[in-house]
2 protein chains.
Amino acid sequence: MTKPPCKEISVNAFYANSPGQNWIGLWSMPGSRAAEYKSLDYWVDVARISERGLFDSVFFADTSGVHDVYEGSARATIERAGMFPMNDPLLVIPTMAHATKNLSFGVTANLSYEPPYALARRFSTLDHLTNGRISWNIVTGFQDSAARAMGRDKQHEHDRRYDIAEEYMEVVYKLWEGSWEDDAVVLDKANSIYARADRVHEVSHEGEHFRMRGIHLCEPSMQRTPVLFQAGGSARGRTFAARHAECLFINGLPSKATAERIRSVREEARSLGRNPEDIKFIMMATIVTAPTEAEARDKYEMISRYVDGEGMLAVRSGLSGIDLSRDLSGFVNGSEKARGIGTITEFLLKEEKSLDRLKDYAKFGPQAGRECFIVGTPSQVADTLIQWMNEAEIDGFNLHRSGEPQHLIDFVDLVVPELQNRGVYKTAYREGSFRNKLFGQGDRIGSGHPALNYRV
Amino acid sequence: MTKPPCKEISVNAFYANSPGQNWIGLWSMPGSRAAEYKSLDYWVDVARISERGLFDSVFFADTSGVHDVYEGSARATIERAGMFPMNDPLLVIPTMAHATKNLSFGVTANLSYEPPYALARRFSTLDHLTNGRISWNIVTGFQDSAARAMGRDKQHEHDRRYDIAEEYMEVVYKLWEGSWEDDAVVLDKANSIYARADRVHEVSHEGEHFRMRGIHLCEPSMQRTPVLFQAGGSARGRTFAARHAECLFINGLPSKATAERIRSVREEARSLGRNPEDIKFIMMATIVTAPTEAEARDKYEMISRYVDGEGMLAVRSGLSGIDLSRDLSGFVNGSEKARGIGTITEFLLKEEKSLDRLKDYAKFGPQAGRECFIVGTPSQVADTLIQWMNEAEIDGFNLHRSGEPQHLIDFVDLVVPELQNRGVYKTAYREGSFRNKLFGQGDRIGSGHPALNYRV
């Protein structure tokens, strides 16, 4: 048997509980069901398509605030449905899980506005209801608009948010791993004993940011600690990821530089006592595919007509903290602190862009982004994905929405068989929890992970 | 046509996302599915049975803490599954709603540990996903164990919790009623306008306990403000209910005194400008029924054997704040402040009990409780329910779990047809939202309600 051209590719559908995400404006495209985000029927269909394609997960981004940097207002965000409105993503997952058997789910939850005791309970409940098919994308938020709505003047400064997050993780690990022993639940009907009291423990925490004591409200679920996702680009974020993350979202184009960043995170994980292979690295990708090149190009042109330029700039402004409605030519010297994120010069460097190309963010295509973008036949798509897998040493992709949900159907029907033929895509799900499906090493978190420090 | 013997009876199934509730121990009864609370299949079955019986709702109680008053520890609570473990109830509701068409859902959510902006979003999401079939049971918590787990030394004092709740309601009303105008969402595909920015408003609040500003993250749902449930027994609680509640849970046995309490709440609601008929009053009821008296008695005896006395006392101790494992004879003079609740004397007065009967809490039967309890044929059950409806001037009942879920099946198959024959039970659901099904006056909250003060 010949060696496959790259390792097995993990594919995930990237979503938010919103009509507008990433490629803003596509809710208005003929055939789009994006405006049905309020309906469980829609989400069940997304789940079933994804499971038919043997996707690892449907992953939900989330924000707790409204993008209001562009023009200093929320006008464009509201009009263009730019990551807005944004319903709670946790509440659609159980129904999607109930309609599927093997598909897993990722969900973003912000730790800044909820006590760890409450968040730990929500995720244990989800782990029970999905039979171990849940992951948590750990975020601390980035929007002052969210902080204000939640009752603060502004959010904490970036590195301090990570300090708080470190301590928050300690508390939730105690609850998930340290409150109930594995043999606590006995269901002894003859003696009316549901659980052994000597196997259930109150945990306590006295730290700088959190102070609590309590028994975890939930009996142990299949994974206990959910699979942990993270997306930290900064140095502080990378250290957090090396310690905690089991899947890491990587921005930027696949390149040797990306591979270098990934190796450095793996190296840092190793230095912290973890197996570097216990972290998967996932990149965002937009894929437009059809049986022939001409059809793929036509599809691309069609979608392009519905991507809304102003909506794109409004969201990009919110994400970057830089108002892209302004004439930015006066700011290239880097002397003005851009809102929240640093100077324009730093921003351009990070985005690998020159100032005159900033408006490219408004367009559908590779010029908009720092992310993978392919238009082509299934064979061309497969060639490119395999090339990126190898060049960047990544583990897979999160598929951006561009069809709502025709893009998923295209990928499942056209690209998945091609990848399977090449031996780089699974032909069946692995058994067990999300964690076991990903790593094949059991349902519980891997050795060397800090969560294990709190296991009883 | 003869006048029916009482008004139409509202029936609801009372649940918690827990294997043990109210009648503790029944998870161990043959045929009980209570330990399946972690499975969505179980909850879907509960929903389908309830809808078959034309129940108004499945209602979820909830606690954020562990009962640890009995013996000053959580031992009995853990062993006997005394309202413990307790998973998050919000997460099972969407799947139950997806499996039904007309059944509504009530859910308890504690406002003490979540910013109003986040809670408002969760309920708007639920209102969307259920097509307007959701209600919120407003609670402020009563357990110090929950306060400690959430990071506080202890909970706020009782009346202060209501002051905070009053202000909290103001914030969520602003978000639900005042942020989006009815005609904000236009879905204008030709111009790529999802919503009109001039119809979506930032709301702000500067109060003693809350300070925020933000745009509600969710577009208007069918009900906007969910149906509001409340259960406040104290004077302060009754005033809160008269102002805000649309359904009120009433404790105690149905009696003239209960009718008097209900009239006083309705009178207070009227004095606040509300229609007194815009509040429904619901009492808890345990019903054991079978085609013959002998069979009903046998069923009662069987269930009795599985009700766990220690578990019952552990939960009652937690709810009352009084450790019922102790010899209480020294405390009858009322001089000792019982934990959290007042003196033993006050407690006994409230419970309409004498000290030597406190241990009755351990038993399955009317002697345990302050709540309706019937063992009998469907005809006897119907007689009693109608008598109570008239005597206490209530609107209906919450059915306690005693069969998991055989008690629901019995009620649906045996009692519902009997009530329908007597003209006191609906034969079909009303159209629309939960609110319209209950009151027949539309989906939005009724005139005179304080939520309307914040409508744009």
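Cut-offs applied
Residues numbered from 1 in each chain as written. Chains lettered and ligands numbered in written order. Predicted model: local features only at pLDDT ≥ 70, side-chain atom pairs only at ≥ 80, totals over all residues. Heavy atoms only, no water. 1 Å grid on protein atoms, 1.4 Å probe; cavity = no way out; pocket = protein on both sides within 12 Å on 5 of 7 lines; lining within 4 Å. Points joined across faces, edges and corners; volume = space filled by probe spheres on them. Helix = DSSP H or I, 4+ residues; strand = E, 2+ residues; numbered from the N terminus. Least-squares fit on C-alpha atoms with pLDDT ≥ 70 in both. Contact = heavy atoms within 4.5 Å. Disulfide = S-S within 2.5 Å. Axes fitted to C-alpha atoms, helices over the stretch in contact; angles between N-to-C directions. Parallel < 35°, antiparallel > 145°, perpendicular 65-115°, else oblique. Left-handed = near helix turned anticlockwise from the far one by under 90°. Nonpolar A, V, L, I, M, F, W, Y, C, P; charged D, E, K, R; others polar. Phe/Tyr/Trp six-rings, centres within 6.5 Å; stacked < 30°, edge-to-face > 60°. Buried < 20%, exposed > 50% of the residue type's maximum accessible area, 1.4 Å probe, protein only. Buried area = accessible area lost by both parts, 1.4 Å probe. Salt bridge = Lys/Arg side-chain N within 4 Å of Asp/Glu carboxyl O. Pairing = 2+ DSSP bridges.

Q: For this particular structure, what's the right way to read empty space enclosed by the protein?
A: Empty space among the atoms becomes visible once a probe the size of a water molecule is rolled across them. Summed over the entire model, instances satisfying the criterion amount to five cavities of 30 Å³ or more. For the largest cavity, the calculated volume is near 240 Å³. Where the lining of the largest cavity is concerned, the elements lending two or more residues are helix H4 (116-129) of chain A together with strand E3 (104-110) and helix H4 (116-129) of chain B.

Q: What is the right way to read the relation of the copies chain B and chain A from this model?
A: Superposing the two chain copies requires a rotation about an axis and a translation along that axis. Aligned on chain A, chain B shows an RMSD of 0.0 Å; the corresponding rotation is 180° and the shift along the axis is 0.0 Å. Classification of the inter-copy transformation places it as that of a two-fold axis. The rotation axis passes nearest to the C-alpha of Thr95(B) in chain B, at a distance of 2.4 Å. Of the interface residues in chain B, 100% have counterparts in chain A that sit at the interface too, so the contact is made through matching surfaces.

Q: What am I meant to see in the state of the cysteines here?
A: By definition, a disulfide links the sulfur atoms of two cysteines through a covalent bond. Considering all chains together, one arrives at zero disulfides over all chains under this definition. Of the cysteine sulfurs around Cys372(B), a residue in no disulfide, the closest is that of Cys6(B), at 13 Å.

Q: Explanation requested: the packing of helix H6 (residues 158-178) of chain A against helix H7 (residues 235-244) of chain A in the structure shown.
A: How two helices pack is summed up by the angle between their axes together with the distance between the axes. Residues and elements named next belong to chain A. Contact pair H6 / H7: the axes reach a minimum separation of 10 Å and the direction vectors enclose 15°. Considering their axes alone, H6 and H7 lie roughly parallel with respect to each other. Relative to H7, the crossing made by H6 is right-handed. Of H7, the residues touching H6 (which contributes His158, Asp159, Tyr162, Asp163, Ala165, Glu166, Met169 and Tyr173) are Arg236, Gly237, Phe240, Arg243 and His244. Looking at the contact of H6 with H7, its residues break down into five nonpolar, three polar and five charged.

Q: What's the story with the packing of aromatic side chains in this structure? I'm lost.
A: Centre distance and the angle of the planes are the two values used to describe a pair of aromatic rings. What the rule picks out here adds up to 46 aromatic pairs over all chains. Measuring from ring centre to ring centre gives 5.9 Å for Phe55(A) and Phe411(A), while their planes differ by 75°; the resulting arrangement is edge-to-face. Note that Phe55(A) is positioned in the loop between helix H1 (40-52) and strand E2 (57-61) and Phe411(A) in helix H13 (residues 406-421), a separation of 356 residues in sequence. Each member of the pair, Phe55(A) together with Phe411(A), is buried. Residues Trp23(B) and Phe364(B) carry aromatic rings whose centres are separated by 4.8 Å and whose planes lie at 85° to one another, so their mutual orientation is edge-to-face. Of this pair, Trp23(B) sits in the loop between strand E1 (10-16) and helix H1 (40-52) while Phe364(B) sits in the loop between helix H11 (344-351) and strand E14 (372-376), and the two are 341 residues apart along the sequence. The residues Trp23(B) and Phe364(B) share a single accessibility class, namely buried.

Q: It is not clear to me how the interface of chain B and chain A should be interpreted in this structure. Could you clarify?
A: Size of an interface: often given as the accessible area lost when the parts come together. Residue-level contacts link 73 residues of chain B with 73 residues of chain A. With both chains or domains summed, chain B and chain A bury close to 6500 Å², and 59% of this area falls on carbon and sulfur atoms. When residues of chain B are sorted by the area they lose upon contact with chain A, Trp27(B), Leu91(B) and Tyr194(B) head the list and together hold 11% of the total. Here chain B and chain A share eight salt bridges between them. Close ionic contact of Asp88(A) with Arg122(B) constitutes a salt bridge, the shortest N to O distance being 3.0 Å. By residue number, the principal contributor to the side of chain B that touches chain A is H4(B), which donates eight residues. Tallied by class, residues from the side of chain B that touches chain A come to 37 nonpolar, 17 polar and 19 charged.

Q: When you look at the pairing of strand E10 (residues 247-250) of chain B in this model, what are you seeing that I'm missing?
A: A regular strand carries its side chains on alternate faces of the sheet. All names here are of chain B. Judged by which residues are buried, E10 turns out to be covered on both faces: Cys247 and Phe249 on one side and Leu248 and Ile250 on the other are all buried. Strand direction decides the pairing type here: strand E9 (residues 227-230) and E10, joined by two bridges, are parallel. By the bridge assignment for E10, Gln230 is matched with Leu248. Relative to strand E11 (residues 280-289), E10 is paired through four bridges, and the arrangement is parallel. Paired with Phe249 across the strands is Ile282, a residue of E11.

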